[in-house]
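# Observations on the three-dimensional arrangement
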Amino acid sequence: MPMLHFYRVADLHTSASLTSRASEIGFEVLASEVCFNIEATAELSVADQTKLQYLLQETFEPHNFSVKPLISAQGDGDSILEVAPRQQFTSAWSTNAVSICSAMGLVQITRIE
């Protein structure tokens, strides 16, 4: 099964609560992005990829969306922390997103987290 990844800039790093919690354990949050991990039963056509990108990107900020990560470690000692639901657990958000994909004709999409 193909696994696709799309990235969107997020403003999670501006959250005072998140910044405070990260500081408590010795981290400084410099940037954040959302990574969409997409499971499909088959490769997507170019037209289907365009539909999926339209669904996932921000309407008024398409430049903040990419098929490649938008942030990266900049130097020695920098780390990237990825937070996601458990692989064995399908979130309610994923179920709704897959339903929307199906309604758009993207029937090969089986999961989005």
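Quick summary incoming for the structure in this document.

About the cut-offs
Numbers given for residues are sequential positions, taken from 1 along each chain in its written order. Side-chain atom pairs in this predicted model are given and counted only at pLDDT of 80 or more, local residue features only at pLDDT of at least 70, and totals for whole chains, interfaces and linings cover all residues. Hydrogen atoms and water are omitted, and side-chain values are computed over all heavy atoms in the structure. A helix here means a DSSP run of H or I that spans at least four residues, while a strand means a run of E at least two residues long, and both kinds are numbered starting from the N terminus. Residue exposure (1.4 Å probe, protein chains only): buried if accessible area is under 20% of the type maximum, exposed if over 50%, otherwise partly exposed. Computed by Shrake-Rupley with a 1.4 Å probe, the accessible areas treat only the displayed protein chains as cover when residues are assessed. Neither His nor the chain termini are counted; the positive set is Lys and Arg, and the negative set is Asp and Glu. Every charge is mapped onto a representative atom, which is NZ of Lys, CZ of Arg, CG of Asp or CD of Glu. DSSP-based pairing: two strands are paired if at least 2 bridges between them are found. A contact between two residues is defined here by any heavy atoms of the two lying within 4.5 Å. With axes taken as lines fitted to C-alpha atoms, and helix axes fitted only over the stretch in contact, angles between N-to-C directions fall between 0 and 180 degrees. When we speak of the arc, we mean the arc of directions from the helix axis to the C-beta atoms. We define the nonpolar core as a collection of buried residues of types Ala, Val, Leu, Ile, Met, Phe, Trp, Tyr and Cys that are connected through side-chain atoms lying within 4.5 Å of one another. Counted as salt bridges are all cases of a side-chain nitrogen of Lys or Arg within 4 Å of a carboxyl oxygen of Asp or Glu.

## Some words on the overall build of the protein chain
In terms of regular secondary structure, the protein chain is built from three helices and four strands. For the protein chain, the spread of C-alpha atoms along the three principal axes comes to 45 × 30 × 25 Å. A buried classification covers 27% of the 113 residues belonging to the protein chain. By element, 55% of the accessible surface of the protein chain is carried by carbon and sulfur atoms, the whole surface being about 8100 Å². When the 6 basic and 13 acidic side-chain charges of the protein chain are each reduced to a single mean position, those positions are 7 Å apart.

## Points about the sheet that holds strand E4 (residues 109-112)
Taken together, four strands build an open sheet; the order of strands is E3-E1-E2-E4 and the sheet is antiparallel. Each of the sheet's edge strands pairs with one partner strand only, and the pair in question is strand E3 (65-66) and E4. In terms of strand pairing, strand E2 (residues 33-40) meets E4 through three bridges, oriented antiparallel. Counterpart to Ala40 in the pairing with E4 is Ile109. Its contacts with the sheet place helix H3 (residues 92-103) against E2 and E4, and it is angled at close to 145° to E4.

## Comments concerning helix H2 (residues 46-56)
Listed in full, the buried residues belonging to H2 are Asp48, Leu52 and Leu56. Down the axis of H2, the smallest arc covering the buried residues is 70°, so these residues share one side. Seen from the buried face of H2, the exposed residues on the opposite side, beyond 90 degrees, are Val46 and Tyr54. Residues of H2 that are buried in the fold lie against strand E1 (3-9), E2, E3, H3 and E4.

## With respect to the nonpolar core
Counting residues in each nonpolar core, the largest one holds 15 residues, and the members touching the most others are Phe6, Ile38, Leu52, Leu56, Ile109 and Ile112. Contributions of two or more residues to this core are made by E1, E2, H2, H3 and E4. For Phe6, the residues in contact, after removing those within four places along its chain, are Val34, Cys35, Phe36, Ile38, Leu52, Gln53, Leu56, Phe65, Ser66 and Val67.

## Concerning the side chain of Asn64
For Asn64, the location among the structural elements is in the loop between H2 and E3. The residues contacting Asn64, other than those within four sequence positions of it, are Tyr7, Arg8, Val9 and Leu70.

## Observations regarding the pattern of salt bridges
The final tally for this structure, using the stated rule, is two salt bridges. One salt bridge in this structure joins Arg8 and Glu58, with 3.6 Å as the shortest N-O distance. Of this pair, Arg8 sits in strand E1 while Glu58 sits in the loop between H2 and E3; the two residues are 50 residues apart in sequence, bridging distant segments of the chain. For Arg8, a relative accessible area of 19% translates into the label buried. A salt bridge links Glu113 to Arg111; its shortest N-O distance comes to 3.2 Å. A single burial state applies to Glu113 and to Arg111, both of which are buried.

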